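Examining the three-dimensional arrangement
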Amino acid sequence: MPGNILVVEDEPRLAAVLADYLRQAGYEPHCLGDGREAVPRVRELAPDLVLLDLMLPGRDGIEVCKEIRSFSSVPIVMVTARVEEIDRLLGLELGADDYICKPFSPREVVARVKAVLRRAGGQPAAESRGLTMDKSRGKAILHGRDLDLTAVEFQLLHFLAQHPSRIFSRAQVMDHIYPDRRVVSDRTIDSHVKKLRRKMEAAAPSEEWIHSVYGAGYKFEAP
Ligand code: CA
């Protein structure tokens with residue numbers, strides 16, 4: 001079972017309570033309270049999930065989340081103090097997997113952590129299967145080969161890869177890869193997927209990463 005949970009929370013009592021509950025649920029919590037320590041710790045620990053408070057000393061949760069997403073698809077659950085904040089965060093497309101609002105019951109947090117891990121569940125990490133994505137440069141490398149993706153293809157792959165096993169309709173994919181909400185047809189999405197697959201197949205002939213789900217859309221799964 002996935003075990004290491006990084007808890008980034010600057011209220012020591014709250015962090016301690018969360019750690020207790022997570023430990024009781026069989027996880028291994030690692031706590032830190034300074035936003036500046038979060039990214040280095042994620043790189044070093046490679047946790048199975050990050051519980052990330054929004055308001056942190058040193059560096060806020062938004063920046064931390066963005067930077068983690070530039071190199072890792074680890075599930076991130078963002079914790080906010082205000083429910084109105086969640087809408088704004090969703091609009092920022094940070095790539096967090098879930099949002100929890102304070103005050104919460106530690107039991108609820110554990111349930112959400114479990115659900116997010118289940119969703120990502122049993123999935124081998126893309127990195128460990130040979131796919132790495134560098135968001136700042138828009139580059140995807142598969143088994144050492146640069147896939148040479150267009151900006152749209154990169155966005156498409158990056159978006160799907162952040163939510164392994166989750167099925168997205170063409171409309172949802174469209175909303176995410178065209179931030180200007182430009183209207184494109186379903187066929188356009190299909191054609192981007194086709195080109196992306198062709199490039200991935202050229203680098204890894206026997207592997208299937210992007211799956212079509214009949215009547216529904218697409219999903220990403222590391223082979
Ligand atoms: Ca805080």
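Structure: see above.
Rules and cut-offs
Residues numbered from 1 in each chain as written. Predicted model: local features only at pLDDT ≥ 70, side-chain atom pairs only at ≥ 80, totals over all residues. Heavy atoms only, no water. Pairing = 2+ DSSP bridges. Helix = DSSP H or I, 4+ residues; strand = E, 2+ residues; numbered from the N terminus. Axes fitted to C-alpha atoms, helices over the stretch in contact; angles between N-to-C directions. Contact = heavy atoms within 4.5 Å. Donors = N, O, S within 2.8 Å, 3.2 Å for Na, K, Ca; no water. Buried < 20%, exposed > 50% of the residue type's maximum accessible area, 1.4 Å probe, protein only. Phe/Tyr/Trp six-rings, centres within 6.5 Å; stacked < 30°, edge-to-face > 60°. Lys NZ or Arg CZ within 6 Å of the ring centre and 35° of its normal.

Taken in spatial order, the 5 strands of this open sheet run β2-β1-β3-β4-β5, and their pairing is parallel. Sheet topology places β2 (28-32) and β5 (98-101) at the edges, where each strand pairs with a single neighbour. Looking at each pair of strands side by side, their axes are set apart by 20 degrees on average, direction ignored. Bridge count between strand β4 (residues 76-80) and β5: 4 bridges; the pairing is parallel. By the bridge assignment for β5, V77 is matched with D98. Helix α1 (residues 12-24) rests against β1 (4-8), β2 and β3 (49-53) of the sheet, and its axis sits at about 165 degrees to β2. Its contacts with the sheet put helix α2 (residues 35-45) on β1, β2 and β3, and the angle it makes with β1 is roughly 175 degrees.

For a metal with four tetrahedral donors the ideal donor-metal-donor angle is 109.5 degrees, whereas six octahedral donors ideally subtend 90 or 180 degrees. For the calcium ion, the full set of protein donor atoms is D10 (OD), D53 (OD) and M55 (O), and the range of their distances to it is 2.1 to 2.3 Å. Written as a sequence motif, the donor arrangement for the calcium ion is D-x42-D-x1-M.

Turning next to the environment of L52. Mapping L52 onto the fold places it in strand β3. For L52, the residues in contact, after removing those within four places along its chain, are V8, G61, V64, C65, I76, V77, M78 and V79.

Cis geometry is adopted by the peptide bond preceding P103, which originates at K102 and carries an omega value of -5 degrees. Position of P103 relative to the elements: it lies in the loop between β5 and α5 (106-119). Within the chain, A46 stands out as a residue other than glycine whose phi angle is a positive 45 degrees. The residue A46 is located in the loop between α2 and β3 in this model. Classification of A46 by relative accessible area gives exposed; the value is 54%. Positive phi, close to 55 degrees, is recorded for D148, a residue that is not glycine. By the element assignment, D148 lies in the loop between β8 (145-146) and α6 (151-162). The class of D148 is exposed, set by a relative accessible area of 58%.

Throughout the structure, instances matching the rule amount to 2 aromatic pairs. A ring pair is formed by F159 and F168, whose centres lie 4.6 Å apart and whose planes are at 50 degrees; its orientation type is tilted. A centroid spacing of 5.7 Å and a plane angle of 45 degrees characterise the contact between W209 and F220, whose relative ring orientation is tilted. Note that W209 is positioned in the loop between α8 (186-203) and β9 (210-213) and F220 in strand β10 (residues 217-220), a separation of 11 residues in sequence. A relative accessible area of 2% means that W209 is categorised as buried. On the basis of relative accessibility, which here comes to 2%, the residue F220 falls in the buried class. Stacked on the ring of F71, the Lys or Arg R43 has its end atom at 3.8 Å from the ring centre.

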